[in-house]
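# Close look at the chain arrangement
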2 protein chains.
Amino acid sequence: MAKKKKYVYFYGFGKANTEGDASMRALLGGKGANLAEMANADLPVPAGFTVSTEACAYYSSHNNQYPEGMLEQLKAQLKKLERLMGKKLGDAKDPLLVSVRSGAAISMPGMMDTVLNLGLNDKSVQGFIASTGSPRTGWDCYRRFIDMFGNVVMGPTTGLTHDDFEEAMTALKKKYGAKEDNDLTAEHLEELCDIYKKIYFKKVKKPFPQDPMEQLLASVNAVFGSWNGERAVKYRQINKVTGLLGTAVNVCAMVYGNMGDESGTGVAFTRDGSTGDEQPMGEYLVNAQGEDVVAGIRTPKHIEDMPLEPSPIWKKAHTKLIQIMKKLEEHYRYPQDVEFTIERGTLWMLQTRNAKRTGLAGVRWAVEMATGKDFYTGKPQKKILKPDEALATVTGADLEQLLFPIFDPAAEKKADVMTKGLPAGPGAGVGKIVFEASVAEEIVKRNPNEKLILVRHETSPEDVGGMWAAQGILTSTGGMTSHAAVVARGWGKCCVVGASGLSIDYKAKTVKVGNKTLKEGDWISMNGSTGIVYFGQIPTTASPVVNAVVYGKKDALKHPIYKMYKQISDWTDKYRKIVVRTNADTPKDAAAARAFGAQGIGLCRTEHMFFEGERIWAIREFILAEDLAAREKALAKLLPLQRGDFEGIFKAMDGYGVTIRLIDPPLHEFVPQDAAGQAEMAKRLGVKTSVVAARVKRLHEMNPMLGHRGCRLSITYPELCVMQTRAIIEAACNVAKTGRKVLPEIMVPLVGTKEELDFCADIIRQTADAIIKQKKSRVKYLVGTMIEVPRAALMADAIAETAEFFSFGTNDMTQMAFGFSRDDIGGFLPDYLDKKILPADPFLTLDTAGVGQLVDMAVKKGRASRQGLKCGICGEHGGDPASVKFFCKVGLDYVSCSPYRVPIARLAAAQQALGK
Amino acid sequence: MAKKKKYVYFYGFGKANTEGDASMRALLGGKGANLAEMANADLPVPAGFTVSTEACAYYSSHNNQYPEGMLEQLKAQLKKLERLMGKKLGDAKDPLLVSVRSGAAISMPGMMDTVLNLGLNDKSVQGFIASTGSPRTGWDCYRRFIDMFGNVVMGPTTGLTHDDFEEAMTALKKKYGAKEDNDLTAEHLEELCDIYKKIYFKKVKKPFPQDPMEQLLASVNAVFGSWNGERAVKYRQINKVTGLLGTAVNVCAMVYGNMGDESGTGVAFTRDGSTGDEQPMGEYLVNAQGEDVVAGIRTPKHIEDMPLEPSPIWKKAHTKLIQIMKKLEEHYRYPQDVEFTIERGTLWMLQTRNAKRTGLAGVRWAVEMATGKDFYTGKPQKKILKPDEALATVTGADLEQLLFPIFDPAAEKKADVMTKGLPAGPGAGVGKIVFEASVAEEIVKRNPNEKLILVRHETSPEDVGGMWAAQGILTSTGGMTSHAAVVARGWGKCCVVGASGLSIDYKAKTVKVGNKTLKEGDWISMNGSTGIVYFGQIPTTASPVVNAVVYGKKDALKHPIYKMYKQISDWTDKYRKIVVRTNADTPKDAAAARAFGAQGIGLCRTEHMFFEGERIWAIREFILAEDLAAREKALAKLLPLQRGDFEGIFKAMDGYGVTIRLIDPPLHEFVPQDAAGQAEMAKRLGVKTSVVAARVKRLHEMNPMLGHRGCRLSITYPELCVMQTRAIIEAACNVAKTGRKVLPEIMVPLVGTKEELDFCADIIRQTADAIIKQKKSRVKYLVGTMIEVPRAALMADAIAETAEFFSFGTNDMTQMAFGFSRDDIGGFLPDYLDKKILPADPFLTLDTAGVGQLVDMAVKKGRASRQGLKCGICGEHGGDPASVKFFCKVGLDYVSCSPYRVPIARLAAAQQALGK
């Protein structure tokens, strides 16, 4: 006969008696596996056993029957527990009591809660009282058990609720003039037990079960049943939890925090979750069971205060708790969040799990545990991680928190929330409302210390001056990759977009939210990492990392936070395999990005080179020109200016490649849409206003995103491509002459067919080669293309015959692959996220399942046609950790992202190389 | 030793002497292969030989060296020609003269032209005169030869041109007072030869070559060289001609049409290219060489007049020509276009090729040759084709010409062209200009005989009433799949779009073109098959096919054109393997489509069900509603109306499947954009105008094509999906009750993720199943999706887990795969077609290389996940023959197209099944 399948696993009383460990999460659930793990480490865990998820699966699919052997195994493990504990379940003299808890492989709300004190009945409660000498504890435990068993186990089928019991308790308290639960005496509680049993009978139509085994099996069945309860099923559906067998059931010997003043219960973090300081933090209640801490009935004390309790046992318990927490942290190699109970001076650990902590705390823990020193005090610490292990514990979001000014947490908590939008540019922003970009610019020109928040429906390239001048940007429309969001992130500027609760009135210069109206000059504060906007001013702290890296401030270079950043940063370069470039359009951005570790520019947009200052007038002249000669005349004005721009960038990126994208936006972005602007344009360019208006109208497109832009402009106006190529190559030759290395990579945007690229590449090469020849330069350049149009990915083999490099424009690719306009996605994205139709905003985290196929396909096809084709990505996803890992996997040579995300991309690349 | 490669192929003097045939096009070029083919058929072809394209390829790639053996072979074939002709090249007494012509596998402008009369020199011209007895012919041939050799052979390297010679001739004519070339005497022409030789010497710096072999090889080299001449290379680049070896060279014994009044030359068609009548048509000139016919120096006569010439040889020659043409038509099984020469009464065939003809002529020829009767006279005809062969000779464009009213060709030729746009809806349209759709509707309501052309910048769904009322639609913007174009084609209505030369002024009610201004009420005429718009009225003829099929008119049913259509139509159903459905939104369209042979509805759009009459007010109420209850109340008004619509469609499509697409367009299309309309809406719905204006503003999107539309509406407003499902399923149950078969297929549009489809499919199935259960009906329905978003194609395996069918929306798929907005493509498509960046408008002919990959991928992935998944296509490409063939190839179950394109799709499907 085959060996019977094992369904019930024992834990506690050391490694010898324990049958599971942390690796058995799928079978024992997270809680069961961690309890076993602690028992293996000889930590004081109340013993018990775990009924496996396999048993649950069988039960669910076999009409609520146990699998063969489960019941026998459960009884045998219970016997073992009774033997080791020296007590029997429900024994009339000295009963063993147990808790029963569900616990799936991942934490999952909606399943059955805890049942404590199981095993009590009318007789064993007397034995319990006798053996503990505490009648009050006895009756307190019994009434709690009737309540929990009644509502948790029997509730789902009978409608019995906690409120049914609570009502009776309130009445009793009133009857005896008791204020708090603790004011009730043993006698009161005994009376309450009788009342509870009557309540139970009334709803369940059966007396409260006196047989402990009946109590236990009913509880196990209730846990199993809750796995397929409506709430749990819904939760799994919504959260796409699949592949789990079921829930495990943990049956655990009770320990009592409510056995008087030498007992208590609490929760603790192994270190400061906010600062990362090695000082643990936590709270506890004397003479209480776990649920009291959560319920917030009494105010808990800080664990530092334990040694100050009257009884000396507390000091010992405290020492032991601290020891155990250190041990747990070392064992799990991650800060822990624990639950504990002290029963008459004896410490029991009830649960441990990885702790939540701030980014700063996470980074600090990682670098301190891997370097063996406290970065603040210099004190040695125990080295428990290798650098690669340390890196694995830090997330991009952690690192990001070090780069931006943040609000004083206490002040933010107290601040008055105004509205919420999408967190588009991280950090804190505080300033006075201003509605016009040009006004913002003027104000800051007059007084550079003015703090402003630019509040707009949306922003456009014309607004960049004002956006730069402001502390932050707040828009009422647009998504995470709208103009405002992209520009702000590029600068590391605070930005909240799509705050649809705002009603902006440009004329009246007011913004309404709910029934409040703010006017120009009113102060607001924004948290760009949460999207929350507040009324008034909240104090902020600047980032020492930015002060050190970008501005080279001396005091910042000595700041522990900068040093920690530097350490993480150095490690990432040790492990990562792909290059990280930056998206930068100006020498200033390029310099900041290099300071953050960028190894070249993956995307230099040239649009701003048409906007700034007088340039807009040249491009407007170009747009109005009626023939080639007039257009070339207009472009000739731009040539020296753009050449100057490129010289600056090439100098800043000395020796590194610079990928320059030719003009991309549709021409209508360069002309004024309003009558006044058109009149000004007409006057300045010496034509009738009606001529300007007619041209603007002709430039209007229904779907500009899919319109006359990108390489389509160079095909209609080859002279644009010629001028930009001249500016780039002349700049390259000039900078090369000064002895610097220059590596221009000219990138043609929005290519969908090989023929488009051929057309543009011919112009670029002819123009460039002629200049290089004429200048007798040795400058080398590459001609490549953005892969952003889905068809380009499909035809990548053909396109790579001409393209010397590919750079994935995953923003536009996401727009076109999904058919989502990023300007308009705000209209339905909230619904999509709410209804879990999308797991995340696909403009933030690459849709690897769909859009990722196009990337993968294009890399493979491109390289099949041109061996070793250089492939990179310059969309917003280049700074998103999950996306960066995907890009590493499909074999890109580099990712490129905005300067402030370079450290984050470097971290993600390192983690991917380390298999994390 | 290996056998020497053959480079020179003889033809003429019957099959025994001929070495090539029609199948050797690649090697001998089109001309050489057809000359050999005619020689094989014992037709009177002047003998000669063809130097192969392989020789040309060798010559090009080996620095202008002949391949080994070519020269010897050429000399041997020349000897054979001399032997069989009994004359020697350039012989002083009775010289053999030859022509030299290029000829690649496909016709290709830009290569070397013909050189005639080669072999003449100062001596042989005397022999030629002696042997022919015609001094004038002799000197005429010699001066022509010097001219042609000079400019065609020597011109490219020396700059000598035809004009250099022509100038001298004009001077000579002046000198002798000759009006026409023919007025010059033999003496004049002899003098001219001397002048020509001097001109030649001046430019070439060498005397005119007297050695006939030198003349011949120089000509062969010139032909070879012209293959890589700038013009030919450019032509091949632009037209993407690749894979050809080079050009062949045809050396052909001369025959002379210029040997007096019993000689002549001409061109002819084997039957009437306009009507398809079996009467051949053609033109000839007495006493002329071929170039004279082309040059149009004299007015040619019709070939029917040949028997009337004074000399009796002409009657015989005419009889023989007619016989040969019949024979050629039978031999090539296609109407032919021939060149012939009559030399002193002897007929020679110089060339034959497939003739160009009208659609009507093509269809008539095909059905008559396969049925053996003249459809007009009933006279028997020789059966030379099987039905499948006949089908292969007819194109979709041929068939299309039978379906639309057309202009009287003579009248159209004389009409005054106003402007040109894109030919969006075929046929002829004549009417008075009207600028407002509502005005058009009113006018026609008052007088149904009014003929109107609706002239707009663009049209929108609100305009459909007026579009239907008008004879044709003319827009100044938009592409081939703009709203106007799609709607018009669906109705078979004449439409020209994107006529950007028009300046429309709605206020003034005028349209300007150039310096002419037309006003409302002025007549214009449009040819929807060419896109040309004319001033004034051009007479038209209606299509007997439409009269018979759609309106069942009795006289039309007897019309030969209808009978021919019917014959073709019947044959298509015999061969095609895939189903052809239609895109139809109303019972009327559905009925017309069934008459055209549609087997179901592949796309029933439901948008119009929200627009017509009072409905627009219900959907506007829905849009303004502030909560679910108010929205449901508004939708309740639409339910009975839409149910009625569906009942009508199900009845019309009795027994066939009907695919119904849930609402697709963004909501902003349902609200008025102008202030007056918004005020009316506010008044009618009892709210403030500012409320309407604010809502309209909120609905505005930057890129509505990629906005809140399709299934995204059902996700935000599930109640919309519920209402439409109710209307469909209740209608289905009602119609089923009357004993009809009903097969509703509910299609969710714009799906990009499985989750979107799951969400909608859940609503549809829950709603539908409840109704079916409640009504105790047995109606079956399917739930499927459009595959139009590129991501849907990538994720087709996942989506097919839920979808019971796929229907490819290749319009939107083309938009998103290319990133082309079809509303805006007019801005650059002309550039793209001019510069050959696109081979065709991808909205008309599917881009099989790119978009086709997505279709193919989705079919494969979908069927891998759901065996036998039904796949169809309902984009505009469903009616394009080339696209239909592709869809057959990738294994779709059906194509669906607008009613008037159903016959064309059926033909294409049949041809594909026949391997054509």
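To be clear, the structure that these remarks concern was listed above.
Residues numbered from 1 in each chain as written. Chains lettered and ligands numbered in written order. Predicted model: local features only at pLDDT ≥ 70, side-chain atom pairs only at ≥ 80, totals over all residues. Heavy atoms only, no water.

## A closer look at the pairing of strand β20 (residues 502-505) of chain A
Filter applied, for reference: We call a residue buried when its accessible area falls under 20% of the maximum for its residue type, exposed when it is over 50%, and partly exposed in between, using a 1.4 Å probe and counting protein chains only. Helix numbering and strand numbering both begin at the N terminus, where a helix is a DSSP run of H or I of at least 4 residues and a strand a DSSP run of E of at least 2. Strands pair, by our definition, only if DSSP identifies at least two bridges between them.
Of the two faces of β20 of chain A, the one lined by L502 and I504 of chain A is fully buried and the one lined by S503 and D505 of chain A carries no buried residue. What sits between the antiparallel neighbours β20 of chain A and strand β21 (residues 510-513) of chain A is a turn of 4 residues, in which K509 of chain A has the positive phi angle 55°.

## Details of the packing of aromatic side chains
As a reminder of what qualifies: Stacked, tilted and edge-to-face are the three classes assigned to paired rings of Phe, Tyr and Trp, where Trp is represented by its six-membered ring and a pair needs centres within 6.5 Å; plane angles under 30 degrees give stacked, over 60 edge-to-face, the rest tilted.
A complete count under the given rule lists 58 aromatic pairs over all chains for this structure. Taking the centre distance of 6.2 Å and the plane angle of 35° together, the rings of Y562 of chain A and Y565 of chain A count as tilted. One end of the pair, Y562 of chain A, and the other, Y565 of chain A, are both in helix α22 (residues 560-575), 3 residues apart, so they sit about a helical turn from each other. According to the relative accessible area criterion, Y562 of chain A is buried, its value standing at 13%. For the pair Y142 of chain B and F208 of chain B, a centre-to-centre distance of 6.3 Å together with 70° between the ring planes defines the contact as edge-to-face. Note that Y142 of chain B is positioned in helix α6 (residues 135-153) and F208 of chain B in the loop between α9 (186-204) and α10 (212-227), a separation of 66 residues in sequence. The burial state of Y142 of chain B is the same as that of F208 of chain B; both residues are buried. Pairwise contacts between aromatic rings join W139, Y142, F145, F149, Y200 and F208 of chain A into one cluster.

## Comments concerning the interface of chain A and chain B
Applied cut-off: Residues are treated as being in contact if the distance between any of their heavy atoms lies within 4.5 Å. In this description, buried area is defined as the sum, over both parts, of the accessible area (probe of 1.4 Å) that is lost when the two are combined. Every case where a carboxyl oxygen of Asp or Glu lies within 4 Å of a side-chain nitrogen of Lys or Arg is listed as a salt bridge. Note on residue classes: Ala, Val, Leu, Ile, Met, Phe, Trp, Tyr, Cys and Pro are nonpolar, Asp, Glu, Lys and Arg are charged, and everything else, Gly too, is polar.
In this complex, chain A contributes 50 residues to the contact, which on the side of chain B involves 50 residues. When the two sides are added together, the surface that chain A and chain B hide from each other amounts to roughly 4200 Å², 59% of it contributed by carbon and sulfur. Applying the counting rule to chain A against chain B returns 2 salt bridges. The salt bridge involving R791 of chain B is made with D847 of chain A; its shortest N-O contact spans 2.5 Å. Looking at the side of chain A that touches chain B, the elements with two or more residues in it are α29 (711-716), α31 (754-774), α32 (790-794), α34 (810-818), α35 (829-834) and α36 (851-865) of chain A. In terms of residue class, the side of chain A that touches chain B is made up of 23 nonpolar, 12 polar and 15 charged.

## Some remarks on α10 of chain B
All names here are of chain B. Applied cut-off: Given a helix with a known number of residues, its expected span is that number minus one, times 1.5 Å. Definition of a polar contact: a pair of N or O atoms within 3.5 Å, with one able to donate and the other able to accept a hydrogen when the atoms are protein atoms, and with sequence-neighbouring residues admitted only if both atoms are side-chain atoms.
For α10, with 16 residues, the first-to-last C-alpha span of 23 Å sits near the 22 Å given by 1.5 Å per residue. Of all 16 residues in α10, 12 are buried, a share of seventy percent or more. The set of residues buried in α10 consists of P212, M213, Q215, L216, L217, S219, V220, A222, V223, F224, S226 and W227. For α10, the capping residue at the N-terminal end is D211, with a side-chain oxygen 3.0 Å from the backbone nitrogen of M213.

## Regarding the relation of the copies chain A and chain B
The operation relating the pair of chain copies consists of a rotation about an axis and a translation along that axis. Which entries qualify depends on this criterion: The copies are overlaid by a least-squares fit using only the C-alpha atoms of residues whose pLDDT is at least 70 in both copies.
Relative to chain B, chain A is turned by 180° and slid 0.2 Å along the rotation axis, the superposed coordinates differing by an RMSD of 0.2 Å. Here the two chains are linked by the operation of a two-fold rotation axis. No C-alpha of chain A approaches the rotation axis more nearly than that of N703 of chain A, which lies at 2.2 Å. Interface residue correspondence from chain A to chain B reaches 100%, placing this contact among same-surface, isologous pairings.

## Some remarks on the sheet that holds strand β20 (residues 502-505) of chain B
Residues and elements named next belong to chain B. In plain terms, the rule: Every axis in this analysis is a line fitted to C-alpha atoms, fitted for helices over the stretch in contact. Angles between the N-to-C directions lie between 0 and 180 degrees.
Taken in spatial order, the 3 strands make up an open sheet running β20-β21-β22, and their pairing is antiparallel. Edge positions in the sheet fall to β20 and β22 (516-519), since each of these pairs with one other strand and no more. Geometrically, the sheet is characterised by an average inter-axis angle of 20° between neighbouring strands, direction not taken into account. Pairing between strand β21 (residues 510-513) and β22: 4 bridges, direction antiparallel. Note on β22: the bridge partner recorded for T510 is K519.

## Comments concerning unusual backbone geometry
Backbone geometry at N64 of chain A places phi at a positive 60°, although glycine is not the residue there. Inspection of the secondary structure assignment puts N64 of chain A in the loop between α3 (53-61) and α4 (70-85). The exposure class assigned to N64 of chain A is partly exposed, which follows from its relative accessible area of 49%. One non-glycine residue with positive phi stands out, namely K509 of chain B, at about 55°. Locating K509 of chain B in the fold gives a position in the loop between β20 and β21. Classification of K509 of chain B by relative accessible area gives partly exposed; the value is 31%.

## Here's the deal with the nonpolar core
The nonpolar side chains of a soluble globular protein tend to be buried, and buried together. Threshold: Here, the term nonpolar core denotes a set of buried Ala, Val, Leu, Ile, Met, Phe, Trp, Tyr and Cys residues that are joined through side-chain atoms within 4.5 Å.
Within the largest apolar cluster, 304 residues are counted, with the highest numbers of intra-cluster contacts made by F650, F806 and F808 of chain A together with F650 and F808 of chain B. When residues no more than four places from it in sequence are discounted, the contact partners of F650 of chain A are V658, I660, I728, A731, A732, V735, V742 and P744 of chain A.

## Observations concerning helix α28 (residues 689-699) of chain A
Residue and element names in this part refer to chain A. What counts, and what does not: Arc definition: directions from the helix axis to the C-beta atoms.
For α28, the full list of buried residues reads V692, R695, V696 and L699. Summarising the axial view, the buried residues of α28 lie within an arc of 100°, below the 170-degree limit, and thus occupy one face. For α28, the exposed residues set more than 90 degrees away from the buried face come down to K697 and R698. Buried residues in α28 make contact with α25 (615-624) and α27 (675-685).

## Observations regarding the pattern of salt bridges
Evaluation of the coordinates by the stated rule reveals 99 salt bridges over all chains. Here E745 of chain A ties to R581 of chain A by a salt bridge, and the two come within 3.0 Å at their closest N and O atoms. Here R581 of chain A lies in strand β26 (residues 579-583) and E745 of chain A lies in strand β29 (residues 743-748), a separation of 164 residues in the sequence. As a salt-bridge pair, K566 of chain B and D570 of chain B come within 3.1 Å of each other at their nearest N and O atoms. In this pair, K566 of chain B and D570 of chain B both sit in helix α23 (residues 560-575), 4 residues apart, roughly one turn of the helix. Its relative accessible area of 38% is what places D570 of chain B among the partly exposed residues.

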